[in-house]
Amino acid sequence: MANVDLKEYPLSQTQAIVWNDMDALQHINNTVYFRYFEDVRVVMLEELKVFDFVKSHNIGPVVASTRCDYRAPLVYPDTITTVSWVENIQEKRYTMKYEIYSHNQQRCVAEGEALIVYCDFNTGKSCLIPAETLERLQAYVGGE
């Protein structure tokens, strides 16, 4: 992989890309990159025990917006590492940043971000991030 020190990032996920994710143009479909972002985001949510909190309080995170800047196409076979970190933590929201690195190409092939907003699923409105989650989120602040 490119000269990326994974120790600089609080989150990383390495996975093989899948043949089925290629489109008619013979590269990984653009929508699949958002799944790679989701894969690493779920790792963090599991570590934060967010899913347990959602079950007991019906409050949890939703993706309010997301974007991806594509730097180079991915082609099967390849292995990728997605790194992620948190920025701009506020009372009701935070931003997750992502970079996807191709092992074959030895470079970053995509960069993206997502605005994560906490929601009270009973009311459908935004709400404060629970105090214990807010505190634990600090461990994921970082990146470049």
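Calculation rules
Residues numbered from 1 in each chain as written. Predicted model: local features only at pLDDT ≥ 70, side-chain atom pairs only at ≥ 80, totals over all residues. Heavy atoms only, no water. Helix = DSSP H or I, 4+ residues; strand = E, 2+ residues; numbered from the N terminus. Rg over C-alpha atoms; globule rule 2.2 N^0.38 Å. Buried < 20%, exposed > 50% of the residue type's maximum accessible area, 1.4 Å probe, protein only. Areas by Shrake-Rupley, 256 points an atom, 1.4 Å probe, with all protein chains shown as cover. Lys, Arg positive; Asp, Glu negative; His and termini not counted. Charge placed at Lys NZ, Arg CZ, Asp CG, Glu CD. Contact = heavy atoms within 4.5 Å. Core = buried A, V, L, I, M, F, W, Y, C linked by side-chain atoms within 4.5 Å. Pairing = 2+ DSSP bridges. Expected span 1.5 Å × (residues − 1). Salt bridge = Lys/Arg side-chain N within 4 Å of Asp/Glu carboxyl O.

A.B. asks: Help me understand the overall build of the protein, please; the structure alone is not making it clear to me.
C.D. replies: Counting its secondary structure elements, the protein contains three helices and six strands. Element order for the protein, N to C, with α for helix and β for strand: β-α-α-β-β-β-β-β-α. Its C-alpha atoms give the protein a radius of gyration of 16 Å, near enough to 15 Å, the size a compact globule of 144 residues would have. When its C-alpha atoms are laid out on the principal axes, the protein stretches across 45 × 35 × 20 Å. Here the protein holds 144 residues, and the buried ones make up 42% of them. Carbon together with sulfur atoms contributes 49% to the accessible area of the protein, which is approximately 7800 Å² in total. Seen as two clouds, the 13 positive and the 20 negative side-chain charges of the protein have centres 4 Å apart.

A.B. asks: Is there a simple way to think about the side chain of Thr133 in this case?
C.D. replies: Structurally, Thr133 can be placed in helix H3 (residues 131-137). Residue contacts for Thr133: discarding those within four places in its chain leaves Leu48, Val50 and Tyr118.

A.B. asks: Would you mind going over the environment of Cys68 with me for this structure?
C.D. replies: Looking at the secondary structure, you find Cys68 in strand S2 (residues 59-70). Exposure remark for Cys68: the relative accessible area of 13% places this residue in the buried category. For the pair Cys68 and Gly112, spaced 44 residues apart in sequence, the C-alpha to C-alpha distance is 4.2 Å. Here Cys68 is in contact with Tyr33, Phe34, Phe37, Ala110, Glu111 and Gly112, once residues within four sequence places are set aside.

A.B. asks: For this particular structure, what's the right way to read the nonpolar core?
C.D. replies: Within soluble globular proteins, side chains that are nonpolar tend to cluster in buried spots. Residues Met44 and Tyr94 are the most contacted members of the largest nonpolar core, which totals 33 residues. Residue contributions to this core peak at seven residues, all from helix H1 (residues 32-47). Formed by six residues, the second largest nonpolar core is a distinct cluster that contains Tyr9, Val83, Trp85 and Cys108.

A.B. asks: For this particular structure, what's the right way to read the pairing of strand S3 (residues 79-87)?
C.D. replies: Moving residue by residue along a regular strand, the side chains alternate between the two faces of the sheet. In terms of burial, S3 is a largely internal element, seven of the nine residues being buried. For strand S1 (residues 11-16) and S3, the ladder comprises six bridges, and the chain directions are antiparallel. Note on S3: the bridge partner recorded for Ser12 is Val83. Bridge count for S3 against strand S4 (residues 93-102) is eight bridges, and the pairing is antiparallel. Within the sheet, the bridge partner assigned to Trp85 lies in S4 and is Lys97. Counted along the chain from S3 to the antiparallel partner S4, the turn is five residues long, and its residue Asn88 has a positive phi close to 50 degrees.

A.B. asks: Just checking my understanding: could you explain H1 for this structure?
C.D. replies: Since one α-helical turn is 3.6 residues long, residues separated by three or four positions face the same way. Helix length check: H1, at 16 residues, gives a terminal C-alpha distance of 23 Å against a target of 22 Å (1.5 Å per residue), a fit within 8%. Of all the residues in H1, the buried ones are Val32, Tyr33, Tyr36, Phe37, Val40, Arg41, Met44 and Leu45. A positive backbone phi angle near 60 degrees is found at Lys49, which sits one or two residues after H1.

A.B. asks: Explanation requested: the pattern of salt bridges in the structure shown.
C.D. replies: Side chains carrying opposite charge are able to pair once their charged atoms draw close together. Per the counting criterion, the structure on display carries seven salt bridges. Note that Asp69 and Arg71 form a salt bridge whose closest N and O atoms lie 3.9 Å from each other. Note that Lys97 is salt-bridged to Glu113, the shortest N-O span being 2.7 Å. With a gap of 16 residues between them, Lys97 in strand S4 and Glu113 in strand S5 (residues 107-120) connect regions that are remote in the sequence. Judged by its relative accessible area of 23%, Glu113 is partly exposed. Linked by salt bridges that have partners in common, Arg67, Asp69, Arg71, Glu87, Lys97, Glu111 and Glu113 make up one network.

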